Amino acid sequence: LAHEGRLGEDPRRAVLPAAPRRRHPRIPHAQQRHVDHHAARRALASSAAVGGAADAQSHLDIILPAVGECTFWGDPHFKTFDGGRPSFYGEGELYIVKSDRVAIQSRYKSTLFTKGLAATNKIAVGGNFINGHVIEVGCLEDGDITVDGRAVLAGFPATYTFPDVEGARIDYTSEGRLVDQATGVFSDRHIVHMDLPLGVRLTVLRWVNYVDFRLRMPRQRGQDGGCGNFNGDPADDTTEAIFERDGARVQDVDLLFRRRTDVSVGEGQKKLLATCPEAQMEKAKRECVQELSGTRGASMDIVQLQSCYLDICFGANEKAPEMLVAMGM
């Protein structure tokens, strides 16, 4: 617990001012307009009924903001582009953003300081929008920041530019706006800023054994993942709904990370699973077998399945860590 920025400490007793903000171009007011989620839902349903998926997509292009923001922090909680609040407590690799051009994946690993529930350990960015390169940024304990498996940004602060991707760069500094204001007490900050094509702006805050991030990007056609489907409706950005659309974990063929993490389920996770209502657990068992297809050995591996059960049973509950504390964990 001596390390600054370790997940599990309670820094809320004395919050210091955040580091100076790193400036990005201002988004025009027209792109930041408020979205009436109920109206968006009705308009989408109406357009789909009359003209099919293509008309519905065209209608979304008109009524939704051109650029959105998604954030996640801690043991991992999301605020999606549409304002949904899914949580992911099981270990493994999941999509943050999945689209034809942009792919961003996350790796979740449990820690002692989250009572055995998962925290965001690492992210990977890839896709043809950066010419097939893969950027990996993990927590400080995880080691180097890499591009295509090669360590970059060895110094601090430092900058990396891509020789074959115009305008793409990664800056590594101590400056940046916090995602979780409770981390304001941590003075030793290591913040990665990615300025990438298509207006994708990703800020990753590296703490000792987890990361937070803020993602700003234009909506991509057909996108989905932990940051939601950016359709103006937060109601369909639940953990369970995201799994139904995308699968519970990234399939082997699509994995951006160089290897898949070993998944474990600890005593705290098992205690939490024991409180899952019977009907919800039966649903989780059915859905996880189906949604883990394409993941190496997942349908045959009870540990992988239990990790998925956690997300189905408790993905709508941001207070799962507090439940474990109440159990004496």
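This structure is a prediction, so every number in the text was calculated from the model and none was measured.

Participant: Looking at this structure, I do not really get the packing of aromatic side chains. What am I missing?
Facilitator: To describe a pair of aromatic rings, one takes the distance between the centres and the angle between the planes. Under the defined criterion, the tally for this structure stands at nine aromatic pairs. Between Phe88 and Phe243, the ring centres sit 6.0 Å apart and the planes meet at 40°, which makes this aromatic pair tilted. With a gap of 155 residues between them, Phe88 in the loop between β2 (77-79) and β3 (92-98) and Phe243 in helix α2 (residues 239-246) connect regions that are remote in the sequence. Here Phe243 falls in the buried class, since its relative accessible area comes to 1%. Ring geometry for Phe156 versus Tyr172: centroids 4.9 Å apart, planes at 75°, classification edge-to-face. You can see Phe156 sitting in the loop between β8 (150-152) and β9 (158-161) and its partner Tyr172 sitting in strand β10 (residues 169-173), a full 16 residues away along the chain.

Participant: What should I look at first to understand the side chain of Thr111 in this one?
Facilitator: Inspection of the secondary structure puts Thr111 in the loop between β4 (103-110) and β5 (118-126). Relative accessible area serves as the criterion here: at 12%, Thr111 is assigned to the buried category.

Participant: Explanation requested: the environment of Leu292 in the structure shown.
Facilitator: Along the chain, Leu292 turns up in the loop between α4 (278-291) and α5 (302-314). With relative accessibility at 1%, the residue Leu292 sits in the buried group. As for Leu292 and Ala248, which are separated by 44 residues in sequence, their C-alpha atoms are 5.6 Å apart.

Participant: Looking at this structure, I do not really get the environment of Gly226. What am I missing?
Facilitator: Along the chain, Gly226 falls in the loop between β13 (211-218) and α2. Separated by 128 residues in the primary sequence, Gly226 and Lys98 have C-alpha atoms spaced 8.8 Å apart. With residues near it in sequence (within four places) discarded, Gly226 still touches Phe78, Thr80, Pro86, Phe88, Tyr95, Ile96 and Ile242.

Participant: What's the story with α2 in this structure? I'm lost.
Facilitator: Residues that lie three or four places apart on an α-helix share one face, since the helix turns once every 3.6 residues. Within α2, six of the eight residues are buried, leaving the element largely enclosed by the surrounding structure. Taken as a whole, α2 has its buried residues at Thr239, Glu240, Ala241, Ile242, Phe243 and Asp246. Turning to α2, the residues buried within the fold contact β3, α4 and α5. Following α2 by one or two positions, Gly247 has its phi on the positive side, about 90°.

Participant: Even after reading the chapter, I still don't get the state of the cysteines, so can you show me in this structure?
Facilitator: The full count for this structure, using the stated rule, is three disulfides. Disulfide partner of Cys70: Cys227, at an S-S distance of 2.0 Å. Sign of the S-S torsion, about -85° for the bond between Cys70 and Cys227, identifies this disulfide as left-handed. Taken together, the residues span a long stretch of sequence, with Cys70 in strand β1 (residues 67-73) and Cys227 in the loop between β13 and α2 at a distance of 157 residues. Across the disulfide from Cys288 sits Cys308; the S-S distance is 2.0 Å. Its S-S torsion of approximately -85° makes the covalent link between Cys288 and Cys308 left-handed. Taken together, the positions of Cys288 in helix α4 and Cys308 in helix α5 put the pair 20 residues apart, joining distant regions of the chain. Each member of the pair, Cys288 together with Cys308, is buried. Along the protein chain, the cysteines that take part in disulfide bonds pair up as 1-2, 3-6, 4-5, counted in sequence order.

Calculation notes
Residues numbered from 1 in each chain as written. Predicted model: local features only at pLDDT ≥ 70, side-chain atom pairs only at ≥ 80, totals over all residues. Heavy atoms only, no water. Phe/Tyr/Trp six-rings, centres within 6.5 Å; stacked < 30°, edge-to-face > 60°. Helix = DSSP H or I, 4+ residues; strand = E, 2+ residues; numbered from the N terminus. Buried < 20%, exposed > 50% of the residue type's maximum accessible area, 1.4 Å probe, protein only. Contact = heavy atoms within 4.5 Å. Disulfide = S-S within 2.5 Å.

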